[in-house]
Amino acid sequence: MKEKVSVWFEVSVSYKKMQEDGTEKKVTEIVTVDAVSFAEAEKRALKEMGSIVRGGVDIKNINPAPYKSVFFDEKDGEKWFKAKLTFLSYDEATGKEKRTNSTYLVQADTFADALRNVESVMDGNSGYVTANICETKVLDVYQR
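What this report covers is the structure whose coordinates are included nearby. (Residues numbered from 1 in each chain as written. Predicted model: local features only at pLDDT ≥ 70, side-chain atom pairs only at ≥ 80, totals over all residues. Heavy atoms only, no water.)

1. Points about the pattern of salt bridges
- Applying the stated rule across the entire model yields ten salt bridges.
- For R54, the salt bridge goes to E24, with nearest N and O atoms at 2.7 Å. Of the two residues, R54 sits in the loop between α1 (38-50) and β4 (57-64) while E24 sits in strand β3 (residues 24-34), which places them 30 residues apart along the sequence.
- A relative accessible area of 43% places E24 in the partly exposed class.
- One salt bridge in this structure joins D34 and R144, with 3.3 Å as the shortest N-O distance. Taken together, the residues D34 in strand β3 and R144 in the segment after β9 (138-142) connect sequence positions 110 residues apart. (Salt bridge = Lys/Arg side-chain N within 4 Å of Asp/Glu carboxyl O. Helix = DSSP H or I, 4+ residues; strand = E, 2+ residues; numbered from the N terminus. Buried < 20%, exposed > 50% of the residue type's maximum accessible area, 1.4 Å probe, protein only.)

Listed below in structure tokens is the structure:
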């Protein structure tokens, strides 16, 4: 399992996709790109999608991703899951437990694989709780 910390953007791209029956249908997909600005995110999404899609690609939307870390599966899992982890710490000044949430994007084939991948990256860190894992609509992740 490889972790990449960066600035990520989720880019909605629209293009004509070949269907199983041979017809083309216009679809909108989400790709995640590693970029430092909206302009770079747009440029990278167009370049990456343009190399695998016949015809034109339109950018519909660009948003900063709610995660800073992406966990890549060595087996190249087919799906992407968003994992919300709650880190627990003790505030000695107030004497209270402090909770901090962090969101990660995790590559895996199944929900169970995603949970295992999170646990493998967090191995040795006992101060967290897996609050939520859900499948996303992210088609692919393009890193630098």
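2. Quick notes on the environment of E40
- Take E40: it is sitting in helix α1.
- In this structure the C-alpha to C-alpha distance between E40 and F9, which are 31 residues apart in sequence, comes to 9.7 Å.
- Here E40 is in contact with D34, A35 and R144, once residues within four sequence places are set aside. (Contact = heavy atoms within 4.5 Å.)

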